[in-house]
Amino acid sequence: MTSSNRLALSRPLEETETPVVELVATTRREEARSAMAVVAALRDRDVPVRDIAVVVRDLDAYEPPFFRAAIQYGIAPVFWTQLYVTRTRPYALIESVCDALDAEELDSDALLRPLEHRWAPVETTTDEWPVEPAALDRVRRALPGGSRTLEEWTEVLEASGADPRVLTFADWLDTAPDPSPETVRSVLSDVVEGYAEHGLPVTKEADSPALLDTETDARAVVRVRTLVQQLRHKFDDRLDEGAVERSWGDVAELANVIATQRPGRREHSNARALDVLEANDVWALDVPFVVAVGLTADDWPRVTDSMVPPEFQETVLRGDGDVGKLAPRPSWVNGRDRDQFLDMLGAAGEAVIVTRHTQTVDGNEVYPSPFLDRIDARRINESDRQRLVSEERELPPEIRRLLPPQAEVSDGE
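Worth saying up front: this structure is predicted, and the values here are computed from it rather than measured.

1. Focus on the layout of surface pockets
Item 1. Empty space within the second largest pocket amounts to approximately 310 Å³.
Item 2. In terms of lining residues, the second largest pocket is bounded by 16 residues, among which Thr203, Asp207, Leu212, Asp213 and Thr216 are the most central.
Item 3. Looking at the lining of the second largest pocket, the elements that each hand over two or more residues are α3 (63-72), α9 (181-205) and α10 (212-241).
Item 4. For the lining of the second largest pocket, the element with the highest residue contribution is α10, accounting for four residues.
Item 5. Looking at the lining of the second largest pocket, you find at least three residues from each of domain 1 (3-81 + 267-401) and domain 2 (86-260).

Okay, here's the thing in structure tokens:
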């Protein structure tokens, strides 16, 4: 890498022909509300929801205010963020099943935990599954303390007159085969399919109109199905290597290794939902209107802590002498954030609306992103922003003049 190529990581932004409008709010929450108001106002003017996308550098801080604002404006958002499968109920279910199968003795909590995660027999045709929480609480209160074998627990359950569904589950545990590559696949596949058939509808019934929890749960089911298939082959390989024992405990540990290495994506096929994406997913996007949120010096570009002193970073970037053999980190000059910002600008066919906030929750000043100094953005005044977030949802003139002709006609009707 030559010195010029190194320094090109922080070269000026190329000019964009796409019109850019800047919208400024006081707090992050007001910023999120303003962004969703823009989406709602565009929808009022017959702009299809698939022609709009919201892009943010990092969704962690924005997802809660986005969700509240979207519900306020009647928008169903879908957040394209990393799905950490180990934090989902379908994964917790197969993990708890493995733990129960592995234990020589288990207490009542370990016995009932798979039922808490909505275990259900895959072959059942009744609607009495999964076991409702109230019924599980009654069973738990009636059971004695201490650890027992599965056979002993079955005797206790029968003597106490426990819910027959709990006995069904205990019998399923007792007859489950020892772990092998094939039985791992068959047993855990049945667990996942039982959840898909009986557990997922419970999530949907209790969900909000936007169905965010249902979408996450459904995606987790797909992800865990894939994990089970991978687990079968990985378990076979590790057995051949002598790296694992034929135990359900080792199966659970191997499942965790696979799940944490492959976090997956939260995907969807809802054509009526608004896409809310992180900046690293925008490179292939092609959409008329992009609302880019969080253009502050703290959020975009993201400040990266480094143990390398700034003076040495500059020396490496120049590539003088022996340090020319060292590769600079793009984060030192915001190279990755810069490329994602350019991808965001290039994704928009008609217009880009960039938003930012000016204060933290503590009232400290938040500075604009340095990227805004490199583009020509028309600033929306505060009075027009207030009309935008009001019940009227009046689009500011800076955005209205960028609409296609048919949307302008709809606005005047």
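2. What to know about the nonpolar core
Item 1. Counting residues in each nonpolar core, the largest one holds 51 residues, and the members touching the most others are Leu115 and Leu188.
Item 2. Of all the secondary structure elements, the ones that give two or more residues to this core are α4 (89-102), α5 (108-116), α6 (133-142), α7 (150-160), α8 (164-175), α9, α10 and α11 (248-261).
Item 3. Among residues more than four places away in sequence, those in contact with Leu188 are Ile94, Cys98, Thr183, Val228, Leu231, Trp248 and Val251.
Item 4. Among the nonpolar cores identified, the runner-up in size contains 39 residues, and Ala40, Leu42, Tyr62 and Phe79 belong to it.

3. Section: the pairing of strand β2 (residues 52-56)
Item 1. When you tally the buried positions in β2, you get five out of five residues, the bulk of the element.
Item 2. In β2, alternate side chains face the same way, and those of Ile52, Val54 and Val56 on one face and Ala53 and Val55 on the other are all buried.
Item 3. By the bridge criterion, five bridges tie β2 to strand β5 (residues 287-293) in an arrangement that is parallel. Residue pairing in the sheet places Val55 in a bridge with Ala292 of β5.

4. Looking at the sheet that holds strand β4 (residues 274-278)
Item 1. Ordered in space as β3-β4-β2-β5-β6-β1-β7, the seven strands form an open sheet in which the pairing is parallel. Edge positions in the sheet fall to β3 (77-80) and β7 (377-379), since each of these pairs with one other strand and no more. With strand direction ignored, the average angle separating the axes of adjacent strands in the sheet is 25 degrees.
Item 2. Pairing of strand β1 (residues 20-25) with β7 involves three bridges; the strand directions are parallel. Opposite Val20, over in β7, you have Ala377 as the bridge partner.

5. Comments concerning the packing of α7 against α8
Each pair of packed helices gets described by two things: the angle between the helix axes and the distance between those axes.
Item 1. Where α7 contacts α8, the axes come no closer than 10 Å and their chain directions differ by 160 degrees. When the axes of α7 and α8 are compared, the pair comes out roughly antiparallel. Where α7 crosses over α8, the handedness of that crossing is left-handed. In contact with Leu150, Thr154, Leu157 and Glu158 of α7, α8 contributes Val166, Leu167, Ala170, Leu173 and Asp174.
Item 2. For the contact of α7 with α8, the class distribution of residues is six nonpolar, one polar and two charged.

6. Observations concerning the pattern of salt bridges
Item 1. Taken as a whole and assessed by the stated rule, the structure comprises 16 salt bridges.
Item 2. Among the ionic pairs, Glu182 bridges to Arg232, the shortest N-O distance being 3.1 Å. Taken together, the positions of Glu182 in helix α9 and Arg232 in helix α10 put the pair 50 residues apart, joining distant regions of the chain.
Item 3. Assessed through its relative accessible area of 34%, Glu182 is described here as partly exposed.
Item 4. What emerges from the salt-bridge pattern is a single network uniting Glu30, Arg33, Glu382 and Arg385.

7. A few points about the pairing of β1
Item 1. With six of six residues buried, β1 lies mostly within the body of the structure.
Item 2. Judged by which residues are buried, β1 turns out to be covered on both faces: Val20, Glu22 and Val24 on one side and Val21, Leu23 and Ala25 on the other are all buried.
Item 3. Across six bridges, the pairing between β1 and strand β6 (residues 348-357) is parallel. From the neighbouring strand, Val20 faces β6, where its bridge partner is Val352.

8. A word on the packing of aromatic side chains
Item 1. In this structure the tally under the stated criterion is seven aromatic pairs.
Item 2. A centroid spacing of 5.8 Å and a plane angle of 90 degrees characterise the contact between Trp300 and Phe341, whose relative ring orientation is edge-to-face. In this pair, Trp300 is assigned in the loop between β5 and α12 (310-318) and Phe341 in helix α13 (residues 335-347), connecting sequence segments 41 residues apart.
Item 3. For Phe341, a relative accessible area of 0% gives the class buried.
Item 4. The aromatic ring of Tyr62 is capped on one face by Arg28, whose charged end is 4.7 Å from the ring centroid.
Item 5. Sitting over the ring of Trp153, Arg148 keeps its end group 5.0 Å from the ring centre.

9. Points about the environment of Ser180
Item 1. Within the secondary structure, Ser180 is located in the loop between α8 and α9.
Item 2. Measuring from C-alpha to C-alpha, the distance between Ser180 and Arg232 comes to 8.2 Å, with 52 residues separating the pair along the chain.
Item 3. Dropping the residues within four chain positions of it, Ser180 is found in contact with Phe235 and Arg246.

10. Structural notes on the environment of Val366
Item 1. When you line up the elements, Val366 lands in the loop between β6 and β7.
Item 2. Counting along the chain gives ten residues from Val366 to Arg356, while the straight-line C-alpha distance between them is 9.0 Å.
Item 3. Look past the residues within four positions of Val366 in its chain and what remains in contact with it is Thr296, Asp298, His357, Thr358, Gln359 and Thr360.

11. Concerning the confidence of the model for the chain
Item 1. On average, the chain scores 83 in pLDDT, and the residues at 70 or more come to 83%.
Item 2. Across residues 1-10 the pLDDT falls below 50, and counting only partners more than four positions away or on other chains, this stretch makes 22 contacts in the model.
Item 3. Scored below 50 in pLDDT, residues 409-413 makes five contacts in the model with residues more than four places away or belonging to other chains.

Basis of the calculations
Residue indices follow the written sequence of each chain, beginning from 1 at its first position. Under the rules for a predicted model, residues below a pLDDT of 70 receive no local features and side-chain atom pairs below 80 are neither given nor counted, while totals for whole chains, interfaces and linings still include all residues. Side-chain metrics rest on all non-hydrogen atoms present in the structure, leaving aside hydrogens and water. Cavity and pocket criteria rest on a 1 Å grid covering protein atoms alone: a 1.4 Å probe that fits but cannot get out defines a cavity, protein on both sides within 12 Å along at least 5 of 7 lines defines an open pocket, and an atom within 4 Å of a point defines a lining residue. Grid points are joined across faces, edges and corners, and a volume is the space filled by probe spheres set on the points. Where helices and strands are cited, they refer to DSSP runs of H or I of at least four residues and of E of at least two residues respectively, numbered from the N terminus. Residue ranges for the domains trace back to a domain assignment, done automatically or taken from a database. Here, nonpolar core refers to any group of buried Ala, Val, Leu, Ile, Met, Phe, Trp, Tyr and Cys residues whose side-chain atoms link them within 4.5 Å. Buried, partly exposed and exposed residues are distinguished by accessible area as a fraction of the type maximum, computed with a 1.4 Å probe on protein chains only: under 20%, between the cut-offs, and over 50%, respectively. Note on contacts: a residue pair is in contact if any heavy atoms of the two residues lie within 4.5 Å. By this definition, two strands are paired if DSSP reports at least two bridges between them. Only the contacting stretch of a helix is used when fitting its axis, a line to C-alpha atoms as for every element, and angles between N-to-C directions run 0 to 180 degrees. Orientation is classified from the angle alone, with under 35 degrees giving roughly parallel, over 145 giving roughly antiparallel, 65 to 115 giving roughly perpendicular, and any other angle giving oblique. In a left-handed crossing the near helix is turned counterclockwise from the far helix by less than a right angle, and in a right-handed crossing that turn is clockwise. The nonpolar class holds Ala, Val, Leu, Ile, Met, Phe, Trp, Tyr, Cys and Pro. Asp, Glu, Lys and Arg form the charged class, and all remaining residues, Gly among them, are polar. Throughout this description, the term salt bridge denotes a Lys or Arg side-chain nitrogen within 4 Å of a carboxyl oxygen of Asp or Glu. Stacked, tilted and edge-to-face pairs are distinguished by plane angle, under 30 degrees for stacked and over 60 for edge-to-face with tilted covering the rest, among Phe, Tyr and Trp rings (Trp via its six-membered ring) whose centres lie within 6.5 Å. Think of it as a cone above the ring: NZ of Lys or CZ of Arg counts as a charge over the ring if it is within 6 Å of the ring centre and within 35 degrees of the ring normal. Confidence scores labelled pLDDT are given residue by residue by the predictor and lie between 0 and 100.

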